[in-house]
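Here's the letter readout for the chains.
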Amino acid sequence: GPTLAIKKELEAFLKQHNYTVAPVTIDNNEYIFANLYEKAKRKNDTALMNYVSAEYIKYMETVVKHFEKISLDFLGYEVKQILLLHANTLNADHLDALIALFKKRNYSFITIDDALKDPAYRLEEAPSKKGLSWLHRWMLAKGQDIIPEPVEPDSIAHLNQNY
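Throughout what follows, the structure given in this document is the object of discussion. (Residues numbered from 1 in each chain as written. Predicted model: local features only at pLDDT ≥ 70, side-chain atom pairs only at ≥ 80, totals over all residues. Heavy atoms only, no water.)

Section: a nonpolar patch on the surface
Together, Leu85, Leu95, Ile99 and Phe109 give the surface a local cluster of nonpolar side chains, amounting to about 330 Å² of exposed area. Along the polypeptide, Phe109 turns up in the loop between helix H4 (89–104) and helix H5 (112–115). Accessibility expressed as a relative area gives 54% for Phe109, which makes it exposed. (Patch = residues over 30% accessible without salt bridge, like charges linked within 9 Å, V, L, I, M, F, W, Y side chains within 5 Å. Areas by Shrake-Rupley, 256 points an atom, 1.4 Å probe, with all protein chains shown as cover. Salt bridge = Lys/Arg side-chain N within 4 Å of Asp/Glu carboxyl O. Helix = DSSP H or I, 4+ residues; strand = E, 2+ residues; numbered from the N terminus. Buried < 20%, exposed > 50% of the residue type's maximum accessible area, 1.4 Å probe, protein only.)

What follows is the structure, encoded as structure tokens:
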């Protein structure tokens, strides 16, 4: 929530309805890539689809490295990361490449319940009007400045607006 009051109200609602909050630690702008990929797929533009997917995987590796570093710098260890991925065509078509990226970085896949056992998820987080990583929310709650996450390449942003 954008304010502490709204945050507490939402938390109470979610708890009352037995929802589990998935505090995302690896946040990203994959929707920008997904939007462009979907446009290219509708036009059967395989060259652009290939370009977007290659750039997306490179971007995601940069994002993962970014949040790994923040975790190490802020917490002193690597938190059991929770990744935000949307159900879209780009991720469906390239899930194997994403999984390979995480395996290459020595990740294993666990349940949300196992991830939430990490003590970091009991830290206080700051309210925010933006969809921030919980790592950033924890930093803000401690009065620390956040390190903005990587953004998509200019070429992807330009194509997304003009294609």
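A few points about the packing of aromatic side chains
Tallied over the entire structure, the rule returns five aromatic pairs. Look at Phe33 and Tyr59: their rings are 4.8 Å apart centre to centre, the planes differ by 35°, and that puts the pair in the tilted class. Placement of Phe33 in helix H2 (residues 30–42) and of Tyr59 in helix H3 (residues 46–75) is noted, with a sequence separation of 26 residues between them. When its relative accessible area of 4% is taken as the criterion, Tyr59 is described as buried. (Phe/Tyr/Trp six-rings, centres within 6.5 Å; stacked < 30°, edge-to-face > 60°.)

Thoughts on the packing of H3 against H4
Two numbers describe how H3 lies on H4: the axes approach to 10 Å, and their chain directions differ by 40°. Taken together, the axes of H3 and H4 lie oblique to each other. Relative to H4, H3 is oriented so that their crossing is right-handed. Here Ser53, Tyr56, Ile57, Met60, Glu61 and Val64 of H3 lie close against H4, whose contacting residues are Leu90, Asn91, His94, Ala97, Leu98, Leu101, Phe102 and Lys104. Among the residues making up the contact of H3 with H4, the classes are represented as nine nonpolar, three polar and two charged. (Axes fitted to C-alpha atoms, helices over the stretch in contact; angles between N-to-C directions. Parallel < 35°, antiparallel > 145°, perpendicular 65-115°, else oblique. Left-handed = near helix turned anticlockwise from the far one by under 90°. Contact = heavy atoms within 4.5 Å. Nonpolar A, V, L, I, M, F, W, Y, C, P; charged D, E, K, R; others polar.)

Describing H4
Quick reminder: α-helices carry 3.6 residues per turn. Residues three or four places apart thus point the same way. Taking 1.5 Å per residue as the helical rise, H4 with its 16 residues ought to reach 22 Å, and the 23 Å between its terminal C-alpha atoms agrees with that figure. Remark: the principal bend of H4, roughly 65°, maps to Leu95. Listed in full, the buried residues belonging to H4 are Leu90, Asn91, His94, Leu98, Leu101 and Phe102. Looking at the buried residues of H4, the elements they touch are H2 and H3. Remark: Asn106 follows H4 within two positions and exhibits a positive phi of approximately 65°. (Expected span 1.5 Å × (residues − 1). Bend = angle between axes of the 7 residues up to and from the residue.)

Let's talk about the pattern of salt bridges
Summed over the entire model, instances satisfying the criterion amount to seven salt bridges. Here Arg105 makes a salt bridge to Glu68, at a shortest N to O gap of 2.5 Å. Pair noted here: Arg105 is in the loop between H4 and H5 and Glu68 is in helix H3, with a separation of 37 residues, a long-range link.

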